Structure formats: structure tokens, C-alpha cells
Amino acid sequence: MADTLHVETREKLGTANNRRLRWAGKLPAVLYGHGEDPQHLTIPADEVRASLRHGSQVVQLEGAVSGQALFQEIQWDTFQMHLLHVDLLRVKKGERIQVTVPVATRGVAPGEGAGGIVEVVLHEVEIETSPAFIPESLHININHLELHDSLSAKDIEGMPEGAKLVTDPEQMVVHCIEPAAPIEEEEAEEATGAEPEIIGRDAEGEGDEGES
């Protein structure tokens, strides 16, 4: 069930008014979509934070506006500590939407027993589905992942019924690789072209100029 956000109409716009709203524990928001005029709203900041903690992408709006909406953009401060603004996109009943869903690995890769390292290269994928069936996460089974093998987006499991993968099915999600060999000190010096410094030795010819 979608989280509920209680919204009010935002009468006063501008930076100064938005700052006052945030001091009062509310966030400025704009609702777009479906050919309707944008609506300027306010939302309790704690409700938005709770929805984000729950991983919600689609929320239920109540108050000045009713219906479902998709988190389109969340603006944070420079240090990603404080919410500043929310953009919402209207969602109509029966509509299919595209959302980003995290991907987690399941199981133990046999390749790790052979000395390999499992590396996840794609942490989320985009799918098209109904707002009622957005999963919190998808998974990919690595129980048969051998050393030098890889799995791609088409191997992802847990897709909701009727959902469509938007991400390229051939895009790599996870692979099992050999650990990088440690670089020896001499090899590191050769790689950088650095010459070890010899203390107490002057370069040839240095120190003679200007002496009487």
C-alpha cells in the first residue's frame, strides 16, 4: 500500500517563503503531469522522509489534491542532509510507469571458492509496471556464478507479473573476477618512471659553478 502524503495548497512562492516553510517543518512541492497545470503544494517533511525510508516511489496524496503521484525529483542541500523541494508526477489508475528498482544478489558464487571476487557492476535497473506492483527490490541468483562468469539484466528474478524490463537485457549486472595482483615496489617504481633518490650524491657537475 502506498504511503500517504497530506498536501496543502502553497499560496506564496519564492525563495524566502520556501525557507519559512522548511523552518515550519514543511516542504515546497510541485505536482505536474497529464496536461494539467502545475500545482504548488506543501507537504510535511517528516512524511516525505518516512516515504523515502520505506523506498516508496508512488505515494497517495490527500488534502488539497487527491490521487496517486510518483516522486519525480527530490532536491537536497549540498551535503545531502536536508530536503529542499519535491517534484511529483500525477499517476492515473491503470497507468503503467517506468521506475528504478535496486538489485541485490542472492546465494554464494562457486567462483569465490576458486579464489574469485564477486563484483556488482549494476546496482539498479529500470522497469515498466503498474504503480500497484512496484517491488522494493529485485534479485539475481549467483549460486552458479563461476570464476570469469557474469550475469546480465535478463537473469534478474522477482519481476512483478506483467512488468517489463526497460534496462538493456544484455547489460552486465554482476561478475566473478580474479583479484588484482599486488604491485611490487620495484614494479611500482618502473610504472611511475621514478628514480630512487640517493642521499648525499650531487648530480654530475652540480656544485662547481661559481666557486673561486
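Here, the structure is the one placed above.
Overview of the structure.

1. A few points about the environment of Lys154
Moving on, step 1. Among the structural elements, Lys154 can be located in the loop between strand S11 (150-152) and strand S12 (164-165).
Moving on, step 2. The partly exposed category is assigned to Lys154, whose relative accessible area is 48%.
Moving on, step 3. A C-alpha to C-alpha distance of 9.3 Å links Lys154 and Val173, two positions 19 residues apart in sequence.
Moving on, step 4. Those residues in contact with Lys154, other than ones at most four positions away along the chain, are Leu165, Pro169 and Glu170.
Moving on, step 5. A distance of 3.0 Å separates the side chain of Lys154 from the side chain of Ser152, its partner in a polar contact.

2. Notes on the pattern of salt bridges
Moving on, step 1. The full count for this structure, using the stated rule, is four salt bridges.
Moving on, step 2. Lys26 is the salt-bridge partner of Glu8, the closest N and O atoms lying 3.2 Å from each other. With a gap of 18 residues between them, Glu8 in strand S1 (residues 3-9) and Lys26 in strand S2 (residues 26-32) connect regions that are remote in the sequence.
Moving on, step 3. Note on Glu8: relative accessible area 42%, which makes it partly exposed.
Moving on, step 4. The salt bridge partner of Glu128 is Arg96, with a shortest N-O separation of 3.1 Å. Placement of the pair is Glu128 in strand S9 (residues 124-129) and Arg96 in the loop between strand S6 (83-91) and strand S7 (97-106), with a sequence separation of 32 residues.
Moving on, step 5. For Glu128, a relative accessible area of 21% gives the class partly exposed.
Moving on, step 6. When its relative accessible area of 39% is taken as the criterion, Arg96 is described as partly exposed.

3. Here's the deal with the layout of surface pockets
Moving on, step 1. If you add up the space inside the largest pocket, you get close to 540 Å³.
Moving on, step 2. When residues of the lining of the largest pocket are traced back to their parent elements, those giving at least two are strand S5 (67-76) and S7.
Moving on, step 3. Of all the elements, S7 adds the most residues to the lining of the largest pocket, at four residues.
Moving on, step 4. For the lining of the largest pocket, the residue count by class is eleven nonpolar, seven polar and three charged.

4. Topic: the nonpolar core
Moving on, step 1. Counting 21 residues, the largest nonpolar core has Val125, Ile140, Leu145, Ile156, Val173 and Val174 as its most contacted members.
Moving on, step 2. Secondary-structure elements contributing two or more residues to this core are S7, S9, strand S10 (138-141) and strand S13 (172-177).
Moving on, step 3. At four residues, S7 tops the list of elements feeding residues into this core.
Moving on, step 4. The residues touching Val125, leaving out its near neighbours within four places in the chain, are Val99, Thr100, Val101, Val103, Leu138, Ile156, Leu165 and Thr167.
Moving on, step 5. In this structure, Leu5, Leu27, Ala29 and Ala45 belong to the second largest nonpolar core, which totals 17 residues.

5. Quick notes on the sheet that holds S2
What holds strands together in a sheet is hydrogen bonding between their backbones, with the strands either parallel or antiparallel.
Moving on, step 1. Pairing in this closed barrel of six strands is mixed, and the strands run S1-S3-S2-S6-S5-S4 around the ring. Between one strand axis and the next, the sheet turns by 45 degrees as a mean value, whatever way the strands run.
Moving on, step 2. Bridging between S1 and strand S4 (residues 58-63) involves five bridges; their strand directions are parallel. Counterpart to Leu5 in the pairing with S4 is Leu61.
Moving on, step 3. The strands that helix H1 (residues 15-23) touches are S2, strand S3 (39-44) and S6; relative to S2, the one it contacts most, it runs at about 120 degrees.

Cut-offs applied
- Residues numbered from 1 in each chain as written.
- Predicted model: local features only at pLDDT ≥ 70, side-chain atom pairs only at ≥ 80, totals over all residues.
- Heavy atoms only, no water.
- Helix = DSSP H or I, 4+ residues; strand = E, 2+ residues; numbered from the N terminus.
- Buried < 20%, exposed > 50% of the residue type's maximum accessible area, 1.4 Å probe, protein only.
- Contact = heavy atoms within 4.5 Å.
- Polar contact = N/O pair within 3.5 Å; in protein donor to acceptor, adjacent residues only side chain to side chain.
- Salt bridge = Lys/Arg side-chain N within 4 Å of Asp/Glu carboxyl O.
- 1 Å grid on protein atoms, 1.4 Å probe; cavity = no way out; pocket = protein on both sides within 12 Å on 5 of 7 lines; lining within 4 Å.
- Points joined across faces, edges and corners; volume = space filled by probe spheres on them.
- Nonpolar A, V, L, I, M, F, W, Y, C, P; charged D, E, K, R; others polar.
- Core = buried A, V, L, I, M, F, W, Y, C linked by side-chain atoms within 4.5 Å.
- Pairing = 2+ DSSP bridges.
- Axes fitted to C-alpha atoms, helices over the stretch in contact; angles between N-to-C directions.

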